[in-house]
Amino acid sequence: MSAITDKYNALGGPQGFLGQAVTGEMHTPDGRGRFTHYQGGSIYWSPSTGAHEVHGAIRDKWQALGWETGFLGYPRTDETSVVNGRFNDFQGGSIYWTPAIGAHEVHGAILARYSADGGPEHSGYGFPTSDEQDVLRGRASHFERAAVFWDRRDAYVVYPAPQPSTRPPADAGRWEMAPFTSGVIGVHAALLHTNQVLFWSFRPPDDPTQDPNPPLYAVSTVLDLASGSLLHPSYEGPLPDLENIFCGGHAFLPDGRLIVVGGDREGYVRPKPVQAIHEFIPGGPGGGHWHYLGDMRMPRWYPSATTLPDGRVLFTGGHARSDIPPLQVNNTFEVWDRATGLAPETGVIDILRPGAALYPFLIVLPNKTALVHANTTTQFLDLQTFQVRPGTLEAANRPDRASRTYGVEGTVALLPLRPTSTPPYRASVMMIGGGGPTGGLSAPATRTAEVLDTEANPMGWRLVAPMTHPRVMPDSVLLPDGTVFVCNGSDQGQSDNSAAPVYEAEIYDPSTDTWKLVANATVARLYHATAILLPDARVLTAGTDGSWNQPPYDVGELRIELYSPPYLFAGARPTLADAPAGVQYDQTFPISTPDAASVDEVVIVRCGSVTHSFNFNQRLVELTIVSRTDSTLSVQAPPDGYVATPGIYLLFLLSHGVPSMGRYLQVAPTAPGFAPMNPQEIESMGLLNRFQTAIPPVVNAEHWQSWLAPPPPPPPPDLDLTHPVPESKLLPRDVPLAKD
């Protein structure tokens, strides 16, 4: 008797479910085995697998995939029951079946992940609803409650976005999709005092159809918050187009211009990053104007920048070479003066070294130092002598402690500065989330957060209450009520290698050291996402690109989502009727409001400028209410630029935690004369160039008034409009991952 006959008899022979034989025992086409077909199924045998039966829909699927000559090979098990369904294992994979879904194969790394997670019984994502399919950069199988992707390195699980929150907005806040888009992917975002938001991104370098020597190029748009319209800034400099300043650092000058240093996608355009310094001047028909100012001493890719108390800009960190070996860290710091160019102050930040030099946290403190944090180490730069202070601090000790800066980055926030603290404006810095020490797609993120009280003796980072969700690549936004809003990110992975978005947002209250889980967003915000505070006290989220995110999130995300915190549903807003356009330090100034009697707090929040989970100059300063009448508040401005670095802030009144609409307010030594720049001022700025280059002034007055219409905007960087878009690229925004 043969092994096939033995198996047939073991299954009940003619009285079993297989019934009568319809063929004799035959050799398989590949010559390595034998088979017999029966009325109810088949039995296949090979020397390495033995004899096993296959029947019903599983056999039909196996037949459609080429029987034993297909990639599945010979069966290794009989059809086996599993809760709500059945399966057969084959040499090259498995076929699963349920009455409602039918039969689908799973194989390779995706099957290994599915099996390791517990298969249909214990994985949590049920039976497969599709065979394995090709997607951009890999393959995918869809299951009842999730999808498993393979990116040619790892297999990972992707769950569909949650349903919108049903909790009352007064408890959880509310998300809503904006009726406008960002125009380009919001890798970088900055709130302008013209009531507009500047976004800029990159020309995708990984398009195989692109010219191998593409022009230097950075895409930017300006979103007008009043109209929802998109404007397209102009550029003036020595190159045909604005350089690829994506992945640069940026900080606002006191008059609202934005300084951008360095940038460039590593190695795709040239072997070194951008060395240039640019400024963005808000206003005009195109929403603003990019202007080349000159060069730094060395290039920088992923540097950090911050505004100094005297209005100059400090920048440090980054790489002086891109990903082309040998790696060269730029661990110097430099100071930029808009009137004179590069200042003589420079030096070395010792903690910036390979693995700890990209987008270091950089924060000006009231104690006249700048905090620099990279990886797990903190150092301080004395801002009066520009000497690095001796000694370093290590981050709080925790299991599997890892970096909170790029590329397993968390986020950082300078907690509110209040005149009522002891000493006044006592500064505490909070670091939140980040990845694991191993990095990689499956590395779990951390829930932890830690705080450094810069007036404690001795100073030291200490762990505070953890978030509900672990997050790598989160964004933090200081809200007018003094809480910290955290959104975006993934619960595992790292910068450009993650696929587990966290949709729910959380709010931290520093006064109680507690977190509150609030409503969930509907758009996945992973690598290259941003979040900033708007003048109406909502939070805008944008970004997530299609070039450095894993499927199914490899879609250039142009949608904007807006979050209204619970305070917007807690009662009527106080009315901020009038205030000066600008104030000097320590100045007492009036604010007109019909709600003066009920206002219990006045704060200023610096206009946001954010990328890669780091809002470079984010700070909130409470102002002292000196006196009040029925319709006026008299308040005192911050004492100096160490407490409130000079620049443009949003001024808010709060009544029982409910903020007014914000009003733009310049805080600077010369602020009372502040007004939006006129064409003559802009022209004179161009004449201040100290680099002896051949570029002309920014614009002249006539040019400012009569800019030509900008060329049509480029197509969204991650979509090829000349070819149909693959269904896989549309998946996260147009179809559910799986049917319920």
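Predicted, not measured: the structure shown is a model, and the values here were computed from it.

Our next topic: the overall build of the protein. When helices and strands are counted, the protein shows eight helices and 51 strands. Looking at the 740 residues of the protein, the share that counts as buried comes to 60%. Of the contacts made within the protein by residues no fewer than 6 positions apart, 59% connect residues no fewer than 24 positions apart.

With that settled, consider the environment of Leu393. Topologically, Leu393 is positioned in strand β30 (residues 393–394). Put simply, Leu393 and Thr378 are 15 residues apart on the chain and 5.0 Å apart in space, counted from C-alpha to C-alpha. When sequence neighbours within four positions are dropped, the list of residues in contact with Leu393 reads Thr376, Thr377, Thr378, Phe380, Leu452, Met459 and Trp461.

With respect to the helices and strands, the residue Ala537 is situated in the loop between β39 (529–533) and β40 (539–543). On the accessibility criterion, Ala537 (0% relative accessible area) is buried. A C-alpha to C-alpha distance of 6.7 Å links Ala537 and Met661, two positions 124 residues apart in sequence. With sequence-adjacent residues up to four places away left out, Ala537 is seen in contact with Pro480, Pro565, Tyr567, Leu568, Arg573, Phe652 and Pro659.

We now examine unusual backbone geometry. Following Thr422, the chain continues to Pro423 via a peptide bond in cis, the omega torsion being -10 degrees. Structurally, Pro423 can be placed in the loop between β31 (411–414) and β32 (428–432). For the bond running from Pro551 to Pro552, omega is 5 degrees, close enough to zero to count as cis. Secondary-structure assignment places Pro552 in the loop between β40 and β41 (559–564). If you check the backbone angles, Asn375 has positive phi at about 60 degrees while not being a glycine. Asn375 sits in the partly exposed class, given a relative accessible area of 26%.

This next bit is on the sheet that holds β31. If you trace the four strands from one edge of the open sheet to the other, you get β31-β32-β33-β34, paired in antiparallel fashion. With one partner strand each, in any of the chains shown, β31 and β34 (461–464) form the two edges of the open sheet. Adjacent strand axes in the sheet meet at a mean angle of 25 degrees, parallel and antiparallel pairs treated alike. Pairing analysis gives four bridges linking β31 to β32, with the strands arranged antiparallel. Paired with Thr411 across the strands is Ile432, a residue of β32.

Looking at the protein as a whole, its pLDDT mean stands at 87, while 87% of the residues score no less than 70. Predicted confidence for residues 211–215 stays below pLDDT 50, and this span has three contacts to residues more than four positions away or in other chains. Note on residues 682–740: pLDDT under 50 across the span, and 112 contacts to partners over four residues away in sequence or across chains.

We now examine the pairing of strand β6 (residues 85–90). The pairing of strand β5 (residues 80–82) with β6 spans three bridges and is antiparallel. Paired with Thr80 across the bridge in β6 is Phe87. Adjacent in sequence and paired antiparallel, β5 and β6 are bridged by two residues, among which Asn84 carries a positive phi angle near 70 degrees. Here β6 pairs with strand β7 (residues 93–98) via five bridges, running antiparallel. Bridged to Phe90 within β7 is Gly93. Adjacent in sequence and paired antiparallel, β6 and β7 are bridged by two residues.

Rules used in this analysis
- Residues numbered from 1 in each chain as written.
- Predicted model: local features only at pLDDT ≥ 70, side-chain atom pairs only at ≥ 80, totals over all residues.
- Heavy atoms only, no water.
- Helix = DSSP H or I, 4+ residues; strand = E, 2+ residues; numbered from the N terminus.
- Buried < 20%, exposed > 50% of the residue type's maximum accessible area, 1.4 Å probe, protein only.
- Contact = heavy atoms within 4.5 Å.
- Pairing = 2+ DSSP bridges.
- Axes fitted to C-alpha atoms, helices over the stretch in contact; angles between N-to-C directions.
- pLDDT = per-residue confidence, 0-100.

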